[in-house]
Amino acid sequence: MFQHLAIEQGIINSKNDTDALTPAARKMFQKALVTGRMKKFRAAVTKHERRLMRLDEVQDRIVNRHYLGTRSVAIEQIRGTMDKVDSFDIDFNPTQEYNAMRWTSVATAILSGTAMPPVELIQVGDVYYVVDGHHRVSISHALRHRYIDAEVTVWTLER
């Protein structure tokens, strides 16, 4: 499935082009990194916030938690993180070069068709926060996926 998308988007030329996956993943990372840095610069100039929302900013107001199970979640609703605020922007573009090795490794696996476990998210209202799976969310965003499979726990805030 992911190979088909990679072919459509011109990342690789054919299903037999597996040797091109790692360089293609590196190229995807560089493109996403440049996009993230450009958006960060533009945000600084226009004074618009582009950082991920922090889960610890709402933790004190939690009154209830319950496990929802595995769901397909719209990537555009994933806007926060438990702990990687400076690694990705609000659209999960990488913003730091140190993400390159891990990002490229995960992207290569995804492009080769390796099954990935669901990401782990916490839902607070209409917003999802990443607990585990930042790179998978970022790569899915770079591949222009609209949804990602996720294990979801819902946190309810006091009113």
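Residues numbered from 1 in each chain as written. Predicted model: local features only at pLDDT ≥ 70, side-chain atom pairs only at ≥ 80, totals over all residues. Heavy atoms only, no water.

A.B. asks: Mind showing me how you'd approach the overall build of the chain here?
C.D. replies: A count of helices and strands for the chain gives 4 helices and 6 strands. Mapped in sequence order, the helices and strands of the chain form the string α-α-β-β-β-α-β-β-α-β. Within the chain, the fraction of its 159 residues that count as buried is 45%. Sequence-distant contacts in the chain: of pairs separated by 6 or more residues, those separated by 24 or more amount to 78%. Summing over all exposed atoms, the chain offers an accessible surface of approximately 9200 Å²; the carbon and sulfur share of this is 50%. (Helix = DSSP H or I, 4+ residues; strand = E, 2+ residues; numbered from the N terminus. Buried < 20%, exposed > 50% of the residue type's maximum accessible area, 1.4 Å probe, protein only. Contact = heavy atoms within 4.5 Å. Areas by Shrake-Rupley, 256 points an atom, 1.4 Å probe, with all protein chains shown as cover.)

A.B. asks: It is not clear to me how the packing of aromatic side chains should be interpreted in this structure. Could you clarify?
C.D. replies: Taken as a whole and judged by the stated rule, the model has 2 aromatic pairs. Taking the centre distance of 5.9 Å and the plane angle of 35° together, the rings of F88 and F92 count as tilted. For the pair F88 and F92, one class covers both residues: buried. Its end group placed over the ring of W155, R65 keeps NZ or CZ at 4.3 Å from the ring centre. (Phe/Tyr/Trp six-rings, centres within 6.5 Å; stacked < 30°, edge-to-face > 60°. Lys NZ or Arg CZ within 6 Å of the ring centre and 35° of its normal.)

A.B. asks: How do you make sense of the pattern of salt bridges when you look at a structure like this?
C.D. replies: Opposite charge on two side chains permits them to pair, given that their charged atoms come into close proximity. As enumerated under the stated definition, the model contains 4 salt bridges in all. The salt bridge partner of K39 is D91, with a shortest N-O separation of 3.4 Å. Linking K39 in helix α2 (residues 21–46) with D91 in the loop between β3 (78–81) and α3 (100–111), this pair joins segments that are 52 residues apart in sequence. The shortest N-O distance in the salt bridge between D56 and R54 comes to 2.7 Å. Given a relative accessible area of 36%, D56 falls into the partly exposed group. A relative accessible area of 32% places R54 in the partly exposed class. Three or more residues are tied together by salt bridges with common partners; here these are K39, R79 and D91. (Salt bridge = Lys/Arg side-chain N within 4 Å of Asp/Glu carboxyl O.)

A.B. asks: Please clarify how the pairing of strand β4 (residues 119–124) should be interpreted in this entry.
C.D. replies: Residues in a regular strand project their side chains so that they alternate between the two faces of the sheet. Counting buried positions along β4 yields 5 of 6 residues, so the element is predominantly enclosed. Bridge analysis of β4 against strand β6 (residues 147–157) gives 6 bridges, and the strand direction is parallel. By the bridge assignment for β6, I122 is matched with T153. Pairing geometry for β4 and strand β5 (residues 127–132), over 5 bridges, is antiparallel. (Pairing = 2+ DSSP bridges.)

A.B. asks: Before we go on, may I ask you to explain the packing of α2 against α3 in this structure?
C.D. replies: A pair of packed helices is characterised by two quantities: the angle between their axes and the separation of those axes. At a minimum axis distance of 8 Å, the contact between α2 and α3 shows a crossing angle of 125°. Classed by the angle they form, the pair α2 and α3 counts as oblique. The chirality of how α2 crosses α3 is right-handed. Counted together, L21, T22, A25, R26, M28, F29 and A32 of α2 and A100, W103, T104, A107, T108 and L111 of α3 form the full contact between these two elements. Among the residues making up the contact of α2 with α3, the classes are represented as 9 nonpolar, 3 polar and 1 charged. (Axes fitted to C-alpha atoms, helices over the stretch in contact; angles between N-to-C directions. Parallel < 35°, antiparallel > 145°, perpendicular 65-115°, else oblique. Left-handed = near helix turned anticlockwise from the far one by under 90°. Nonpolar A, V, L, I, M, F, W, Y, C, P; charged D, E, K, R; others polar.)

A.B. asks: Mind showing me how you'd approach the environment of R159 here?
C.D. replies: In this fold, R159 is placed in the segment after β6. Assessed through its relative accessible area of 96%, R159 is described here as exposed.

A.B. asks: Even after reading the chapter, I still don't get the side chain of T81, so can you show me in this structure?
C.D. replies: Residue position: T81 is located in strand β3. A polar contact of 3.1 Å, which involves the side chain of T81, links it to the backbone nitrogen of D83. In this view, T81 contacts L52, M53, R54, L55, Y129, V130 and H134; residues no more than four positions away in its chain are not counted. (Polar contact = N/O pair within 3.5 Å; in protein donor to acceptor, adjacent residues only side chain to side chain.)

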